[in-house]
Amino acid sequence: MPTRGLSQAWVTLAILSTATTLLTVQPAGIEARTFTAAAVLLLAGLKARVILSRYLGLHTSRFWMRTFDLVIGGFLILAFGLYLAGRTA
Amino acid sequence: MSGDPDSAADDGWGVLGELPGDLMMWVLIVSELLVFGGALLAFLAVRAGDTAAFAADQALLDQTAGAVNTIVLVTSGYCAAMASAARNVDRRDTARFWLYGAMALGCVFLIVKSAEYWSKAQLGIGIETSPFFTFYYLVTGFHALHVVAGIAILGAVARFDGERNIEIAASFWHMVDLIWVLLFPIIYLLG
């Protein structure tokens, strides 16, 4: 039973989730908040990748893992762009 | 669908054959990602027009509850994955144990979410209070409905515990998990 990979995935997700929370604890200035937003979205992307790869089993297909990386990555870049648009508006 | 590219090619599915699990489940996963992704991008686009009001409303959210629910949901996803792995080696009682664990954590998620909604209601905040809260209730509410559906599906496959049934139910649950890890930072954290 390939449970070691699943357990490693859960530990990784717990660490990434804790890191996300710690990043947002400190109130910060506008530049630091922009950095924090980028980091939070990056961590979200990493969490999504772990779920897709290990929980949903996409690690068995390089093509589909890359495709989902591109789609999720593109979504997060667009989200960050809209976040920045709000900053400069 | 087979994870073996060679056998998939024999079936004439091409790269679709490389998708693990059921193809229709992947159609659902992509569809849900598009729906929630579109809603989250719309949220950010509207937010860009009135950042100060969105930031003031966002400050009323309970980020700790959201963070707790993230841990609860990824742990629940782990339980669902373990259930599928156990069923694959014919350990049916173990699979059922993990399914009940996933369902219980799903209920914890809903309790925390309900407490959040209750606390907002106590402040007189509803779906029409502001554009921020309209998005908040629609997006998180729609997600919570998926959690309810997921718990029901996990319960059904605990009873009808075929290997394929549990695999499909676990995939649905992982999709709910996946949507939350993208939704949470955008709605709760980007300030």
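Residues numbered from 1 in each chain as written. Chains lettered and ligands numbered in written order. Predicted model: local features only at pLDDT ≥ 70, side-chain atom pairs only at ≥ 80, totals over all residues. Heavy atoms only, no water.

Trainee: Go over the overall build of chain B with me, naming the residues and quoting the values.
Mentor: Per the secondary structure count, chain B includes seven helices and zero strands. Walking chain B from its N terminus toward its C terminus, one meets helices and strands in the order α-α-α-α-α-α-α. Counting only C-alpha atoms and orienting by the principal axes, one finds that chain B spans roughly 55 × 35 × 20 Å. Classification of the 191 residues of chain B by burial places 52% in the buried group. (Helix = DSSP H or I, 4+ residues; strand = E, 2+ residues; numbered from the N terminus. Buried < 20%, exposed > 50% of the residue type's maximum accessible area, 1.4 Å probe, protein only.)

Trainee: Which residues make up the packing of helix α2 (residues 30–55) of chain A against helix α7 (residues 163–189) of chain B, and what are the values?
Mentor: Remark: α2 of chain A packs on α7 of chain B, axes separated minimally by 9 Å, with the N-to-C direction vectors making an angle of 180 degrees. Judged on the interaxial angle alone, α7 of chain B and α2 of chain A are roughly antiparallel. For the pair formed by α2 of chain A and α7 of chain B, the contact residues are Val40, Leu41, Ala44, Lys47, Ala48, Ile51, Leu52 and Tyr55 of chain A on the first element and His174, Asp177, Leu178, Val181, Leu182, Pro185, Ile186 and Leu189 of chain B on the second. (Axes fitted to C-alpha atoms, helices over the stretch in contact; angles between N-to-C directions. Parallel < 35°, antiparallel > 145°, perpendicular 65-115°, else oblique. Contact = heavy atoms within 4.5 Å.)

Trainee: Which residues make up the side chain of Glu116 of chain B, and what values do they have?
Mentor: Residues and elements named next belong to chain B. Within the element layout of this structure, Glu116 appears in helix α5 (residues 92–122). Of note is the side chain of Glu116, whose polar atom sits 3.2 Å from the side chain of Tyr136. Of the polar contacts made by the side chain of Glu116, one reaches the side chain of Tyr188; its length is 2.8 Å. Once you skip the residues sitting within four places of it in the chain, Glu116 turns out to touch Asp62, Ala65, Gly66, Asn69, Tyr136 and Tyr188. (Polar contact = N/O pair within 3.5 Å; in protein donor to acceptor, adjacent residues only side chain to side chain.)

Trainee: Residues and numbers for the packing of aromatic side chains, please.
Mentor: All chains considered together, the criterion is met by 22 aromatic pairs over all chains. With centroids separated by 5.0 Å and ring planes inclined at 85 degrees, the aromatic side chains of Phe63 of chain A and Trp64 of chain A adopt a geometry described as edge-to-face. With a relative accessible area of 41%, Phe63 of chain A lands in the partly exposed category. For the ring pair Phe133 of chain B and Tyr136 of chain B, a centre distance of 5.8 Å and an interplane angle of 85 degrees mean the geometry is edge-to-face. Separated by three residues within a single helix, Phe133 of chain B and Tyr136 of chain B lie in helix α6 (residues 131–159), roughly one turn from each other. Like Tyr136 of chain B, Phe133 of chain B is buried. Cluster of aromatic residues (ring-pair linked, three or more members): Phe43, Phe54, Phe109, Tyr117, Phe132, Phe133, Phe135, Tyr136, Tyr137, Trp180, Phe184 and Tyr188 of chain B. (Phe/Tyr/Trp six-rings, centres within 6.5 Å; stacked < 30°, edge-to-face > 60°.)

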